[in-house]
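# Results of the structural survey
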Amino acid sequence: MTEIIGVRFKSAGKVYYFSPGRTKLERGSLVIVETARGVECGEVVIENRMIEDELITAPLKEIIRPATKQDLKVIEQNKVKEENAFKICQGKILDHKLDMKLVDVECTFDNNKLLFYFTAETRVDFRELVKDLASVFRTRIELRQIGVRDESKILGGLGICGREFCCKGFLGEFQPVSIKMAKEQGLSLNPTKISGTCGRLMCCLKYEQDSYEYLWKNTPRVGAYVKTPDFKGYVEEVNLLTGKLKVKQEKSEDPAVIYDKEDVTIIKDGKMRIDKEEIQALKELEDG
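Here goes a summary of the coordinates provided. (Residues numbered from 1 in each chain as written. Predicted model: local features only at pLDDT ≥ 70, side-chain atom pairs only at ≥ 80, totals over all residues. Heavy atoms only, no water.)

### Comments concerning the pairing of strand 10 (residues 232–239)
- Bridging between strand 9 (residues 225–227) and strand 10 involves three bridges; their strand directions are antiparallel. Bridge pairing in strand 10 links Tyr225 to Tyr234.
- Hairpin connection from strand 9 to strand 10: four residues lie between these consecutive antiparallel strands.
- By the bridge criterion, six bridges tie strand 10 to strand 11 (residues 244–249) in an arrangement that is antiparallel. Pairing of Val235 across the sheet is with Val247, part of strand 11.
- Here strand 10 folds back onto strand 11 in antiparallel fashion, the turn holding four residues, of which Gly243 has a positive phi close to 80°. (Pairing = 2+ DSSP bridges. Helix = DSSP H or I, 4+ residues; strand = E, 2+ residues; numbered from the N terminus.)

Quick look at the structure:
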């Protein structure tokens, strides 16, 4: 067992483990730690606790110190520097006539590096821009191209549900979302209905997927050949959440009859039909 604390560097970012040393830290307190990017200030979101050694993927780094009043002043100064750097970089992008959109600027706590995040439809040759920025700020410059999902996570906004973007509010990491999920959940494959503001599949498709997969294991699909208490026939319609099936008797002109799935025995299950051309047309919604 190893004692750890969980530290987050953004409001809805990934949580990283560090060793607290001999310090007892409360949730919400700030700490100075060393990361791959340099010295950073992060928020404690998991208080001191013991976890299994196998849950730790790399040797833990010990925190440098709890944040002091002077550290907080440095953070405020860095925010001002980031705002100034954003304006200057936007002007330089126009000067160099680069087809890119600046999204955010980050200054590491130790002022050792400025990171500029941008989006672009194609690869951008920004070597001259980096030289220009380095001559202005006299520090290491890194330009990082991000996808549309990352852009939404940084900028934030309101989804079609009226709530803050999940990625901005609480999702630490993006989960893979697929067209198949939307199909299994009985949703329209209209891009405007299943994609978020970022233009990719809505992250919330993932939330109930486990429940839908469980229900489908115990529910015949449309086209399944089944035996009911009255006859054998084919499933014409399925209400997955209520467990109601509409079954049409084979070789009969009588209307379909509604049964509970518990009263039906599957002889041969149906298959989820996916139009390959339709899926290919929507494939870009999965990217990013």
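### Concerning the packing of aromatic side chains
- Under the criterion given, the structure shown has seven aromatic pairs.
- Between Phe9 and Phe18 the ring centres are 6.4 Å apart and the planes differ by 85°, which places this aromatic pair in the edge-to-face class.
- By relative accessible area, Phe18 is classed as buried at 5%.
- Aromatic pair Tyr225 and Tyr234: ring centres 4.9 Å apart, planes at 35°, arrangement tilted.
- Clustering of aromatic rings is evident, with ring pairs tying together Phe9, Tyr16 and Phe18.
- If you follow Lys10 out to its NZ or CZ, it ends over the ring of Tyr117, 5.3 Å from the centre.
- Over the ring of Phe174 we find Lys153, and its NZ or CZ is 5.8 Å from the ring centre. (Phe/Tyr/Trp six-rings, centres within 6.5 Å; stacked < 30°, edge-to-face > 60°. Buried < 20%, exposed > 50% of the residue type's maximum accessible area, 1.4 Å probe, protein only. Lys NZ or Arg CZ within 6 Å of the ring centre and 35° of its normal.)

### Overview of helix 7 (residues 209–217)
- All buried positions along helix 7 are accounted for by Gln209, Tyr212, Leu215 and Trp216. The arc that holds every buried residue of helix 7, seen down its axis, measures 125°, which confines them to one face. Those residues of helix 7 that are exposed and aimed more than 90 degrees away from the buried face are Asp210, Tyr214 and Lys217.
- Looking at the buried side of helix 7, the elements it contacts are helix 5 (179–184) and strand 10. (Arc of directions from axis to C-beta. Contact = heavy atoms within 4.5 Å.)

### Section: the side chain of Lys261
- The topology assignment puts Lys261 in the loop between strand 12 (257–260) and strand 13 (265–268).
- Despite its burial, Lys261 pairs with no opposite charge; the closest candidate is Glu262, at 5.0 Å N-O.
- Of the polar contacts made by the side chain of Lys261, one reaches the side chain of Thr219; its length is 3.1 Å.
- Here Lys261 is in contact with Leu215, Asn218, Thr219, Gly243 and Leu245, once residues within four sequence places are set aside. (Lys, Arg positive; Asp, Glu negative; His and termini not counted. Salt bridge = Lys/Arg side-chain N within 4 Å of Asp/Glu carboxyl O. Polar contact = N/O pair within 3.5 Å; in protein donor to acceptor, adjacent residues only side chain to side chain.)

### As for the environment of Ile160
- Here Ile160 lies in the loop between helix 3 (148–155) and helix 4 (166–169).
- Along the backbone, Ile160 and Gly196 are 36 residues apart, and their C-alpha atoms lie at a distance of 7.5 Å.

### What about the sheet that holds strand 6 (residues 101–107)?
- The mixed open sheet is built from three strands, whose spatial order is 6-7-8. Across the chains shown, the open sheet's two edge strands, defined by having one partner strand only, are strand 6 and strand 8 (140–145). Direction aside, the axes of adjacent strands within the sheet are offset by 20° on average.
- Relative to strand 8, strand 7 (residues 113–119) is paired through six bridges, and the arrangement is parallel. Bridge pairing in strand 8 links Leu115 to Glu142.
- Most of the contacts of helix 2 (residues 127–137) go to strand 8, to which it runs at about 140°, and overall it touches strand 7 and strand 8.
- Its contacts with the sheet place helix 3 against strand 6 and strand 7, and it is angled at close to 60° to strand 6. (Axes fitted to C-alpha atoms, helices over the stretch in contact; angles between N-to-C directions.)

Bear in mind that shape data such as this cannot, by itself, settle questions of function.
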